[in-house]
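Summary of the model geometry
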Amino acid sequence: MAQTKSNPVLRFFPSMADFAFIMPLIFIFFGMHGAKTLLGDCDTGWHVRTGEWIMSHGSVPHQDMFSYTKTGQTWFAWEWLWDVVFAWLHQHWGLAAVVVGSALVIALVASLLFRLANRKGGNPLVAMALTFLAIASSSIHFLARPHLFTLLFTVAFYTILERAREKGNMRLLWWLPPMTVLWTNMHGGWFIGVVLLGLYGIGEVISGFFDEQPGAWLAGIKRMLPYFGISMLCLAGSLIGPYTYHLHVHIWDYLMDSFQREHIQEMLPINFQNPAARYLEVLLLVGGGACLWHLRKKRFTEVLLFVFFGHLGLIASRNIPLFGIVAAPVLALAVTEWFRLLEDAPVAAWVRGLVGGLRGMGESINEMEGQWRTHLVSAGALAVITAILYAPAPPPNFRAKFDSKEFPTKALAKLRATDPQSRIFTYDQWGDFLIYNLYPQRRVFIDGRSDFYGQPFEQKYLDIVTVKYNWQQHLNEYGVDTVLLPTDAALAGALKESSRWHIVYDDGDAIVFRTAVRPDASQVSAANSDGKDRDRKITNAQPSDLTITKTKT
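Residues numbered from 1 in each chain as written. Predicted model: local features only at pLDDT ≥ 70, side-chain atom pairs only at ≥ 80, totals over all residues. Heavy atoms only, no water.

**Details of the sheet that holds strand S4 (residues 510–515)**
- Pairing in this open sheet of four strands is mixed, and the strands run S1-S2-S4-S3 from one edge to the other. Each edge of the open sheet carries a strand with a single partner, namely strand S1 (424–425) and strand S3 (501–506).
- Across five bridges, strand S2 (residues 482–486) lies against S4 in antiparallel orientation. When the sheet's bridge partners are listed, Val 483 is paired in S4 with Phe 513.
- On top of the sheet, helix H22 (residues 490–497) reaches S1, S2, S3 and S4; it is set at about 135° to S2, its chief contact. (Pairing = 2+ DSSP bridges. Helix = DSSP H or I, 4+ residues; strand = E, 2+ residues; numbered from the N terminus. Contact = heavy atoms within 4.5 Å. Axes fitted to C-alpha atoms, helices over the stretch in contact; angles between N-to-C directions.)

Written out as structure tokens, the structure reads:
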């Protein structure tokens, strides 16, 4: 990137990276529902309570403490470091601090992605447009949960890999193993870093194979070796944590579990009626042409990156943010080169003038971008949002609390007044909400940790919410005496028809049922031995379908 003589005054002016930082903040708080969007999934609640438990006990948990259906069974808090950091924030400054911290991570991802796309393509206007498309398509998964750090580490790994290849300085890769240690303890998506290393290494081998120069294939293998060696060190680094190899067993089991892929909403392909899909479609369409262009230029790494992560994004909506991050720099290089071709192409003069103007404007901006900035605008924007969140009467989008339209906030008083030994059945995501608000006084039937509960138990849960013939049998099996549901749930209708259950609370959004005689739950522990020991989530199961509408870390 070109640099001009340093101008001290310019240091205090906003850069394009500042605008990229602010862009997702505007998107979240003015284009979406702000704090309600980031707190739209109550997984945040049980993560915070887990972090508080760790700080209180001085160790990480190895057994479940949130449910009455699997109490004492093996469970690992894989994202324990995120849990501790954000529990500490919550303990000192409340949910608003969790919102600010999550928004900061998303803004950093956008800023770093813009820098990478600009470095790759060389035109900041193109880089900003593609960063917008990546962030907009990623908005489908803007939630205050540990997975945001996988997005941050992905763009950081990606940047280091590009700089190492660009400069031919493989020593930069030595940063990756220690970063993997931190990543592993923040979120289970650490293996994405190993995948990136693998794709860069394979790209070098393929480039050598298709190079006609003598000995090129051997040179390609030699270029691959640093990536292979660092990936092995990253794998070794991923063992450094309280759960060591158990984490790897968990990830393998999770990825191989077809039930999770078929029943967890965020593991299903995106519904292209979703507003975020329009941005994904643009990335895919432009990316198709970019892949052909890069193949012609024998840039096989770029093609591998786009195709692999594009495939991941299409088979599971939760992977779309990863695809957006990987795709933006790949497309930036191709689009910038297309613009250069258009300047000399036999097209209308106004087209040549337009792309020439964009190129010239981009060069001028990059001359200024090369100078060091204080990024006061970014800090100021975050400070303003923080101040509004903590204001006495903030606007609706700045109220850091779980949405009363999505969660049974008004029913909490009634639930607190019930017998502490009562066993409440509710949806998995509402179970998360109860953990946040009622733990440790109350335990839940199920919550968002779908991979912990396992397929057999989750199937029983689905049988209950979809009112299968054995729904009452399953409730009896676990000694359920209280049921909390949305008023329009199919199960609510069945309970109203049952002489065993009676309504004790109804606010128009949530309804609570109680049974006069508590079922015998003496055999619950034995009945629960079919679960797997994992940590992920089933959220918002809708009785109208057979998906566990999950949105988890």
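**Some details on the packing of aromatic side chains**
- Enumeration according to the criterion identifies 34 aromatic pairs in this entry.
- With a centroid separation of 6.2 Å and 90° between ring planes, the pair formed by Phe 402 and Phe 433 is classed as edge-to-face. Placement of Phe 402 in the loop between helix H17 (376–389) and helix H18 (412–416) and of Phe 433 in helix H19 (residues 428–438) is noted, with a sequence separation of 31 residues between them. Phe 433 carries the same exposure label as Phe 402, and that label is buried.
- Three or more aromatic residues link up through ring pairs in this structure, and these residues are Tyr 68, Phe 425, Phe 445, Phe 452, Tyr 453, Phe 457, Tyr 461 and Tyr 478.
- In this structure, Arg 449 packs its charged tip against the face of Trp 75, placed 4.7 Å from the ring centre. (Phe/Tyr/Trp six-rings, centres within 6.5 Å; stacked < 30°, edge-to-face > 60°. Buried < 20%, exposed > 50% of the residue type's maximum accessible area, 1.4 Å probe, protein only. Lys NZ or Arg CZ within 6 Å of the ring centre and 35° of its normal.)

**Concerning the pattern of salt bridges**
- Counted according to the given criterion, the structure contains 19 salt bridges.
- Measuring nitrogen to oxygen at the nearest pair gives 2.8 Å for the salt bridge that ties Asp 64 to Arg 449. Taken as a pair, Asp 64 in the loop between helix H3 (43–57) and helix H4 (80–93) and Arg 449 in the loop between H19 and helix H20 (450–465) lie far apart in primary sequence, 385 residues in all. Both residues of the pair, Asp 64 and Arg 449, count as buried.
- The partner of Arg 359 in a salt bridge is Glu 343, and the shortest N-O contact between them spans 2.6 Å. Here Glu 343 lies in helix H15 (residues 320–344) and Arg 359 lies in helix H16 (residues 349–369), a separation of 16 residues in the sequence.
- By relative accessible area, which is 21% here, Glu 343 ends up partly exposed.
- A cluster of three or more residues bridged by salt bridges with shared partners is formed by Asp 41, Arg 145, Glu 266 and Arg 318. (Salt bridge = Lys/Arg side-chain N within 4 Å of Asp/Glu carboxyl O.)

**Concerning the confidence of the model for the protein**
- Across the protein, pLDDT averages 90, with 92% of residues at or above 70.
- Contacts of residues 523–546 to residues separated by more than four positions or lying in other chains number 118 contacts, the stretch itself having pLDDT below 50. (pLDDT = per-residue confidence, 0-100.)

**Here we look at the environment of Ala 35**
- Mapped onto the elements, Ala 35 comes out in helix H2 (residues 35–38).
- With relative accessibility at 0%, the residue Ala 35 sits in the buried group.
- For Ala 35 and Phe 402, which are 367 residues apart along the polypeptide, the C-alpha to C-alpha distance reads 8.5 Å.
- Apart from the residues lying within four places of it in its own chain, the contact partners of Ala 35 are Phe 29, Val 99, Leu 389, Asn 397, Phe 398, Arg 399 and Ala 400.

**Details of the pairing of S4**
- Counting buried residues in S4 gives five out of six residues, a clear majority hidden from the surface.
- Of the pairings in the sheet, the one linking S3 to S4 comprises five bridges and is antiparallel in character. Note on S4: the bridge partner recorded for His 502 is Arg 514.
- Taking the residues between adjacent antiparallel strands as the criterion, S3 and S4 are bridged by three residues, where Gly 508 takes a positive phi near 90°.

**Some remarks on a nonpolar patch on the surface**
- A cluster of nonpolar side chains, contributed by Trp 217, Leu 218, Ile 221 and Leu 225, occupies part of the molecular surface with about 380 Å² of accessible area.
- Along the chain, Ile 221 turns up in helix H10 (residues 216–237). (Patch = residues over 30% accessible without salt bridge, like charges linked within 9 Å, V, L, I, M, F, W, Y side chains within 5 Å. Areas by Shrake-Rupley, 256 points an atom, 1.4 Å probe, with all protein chains shown as cover.)

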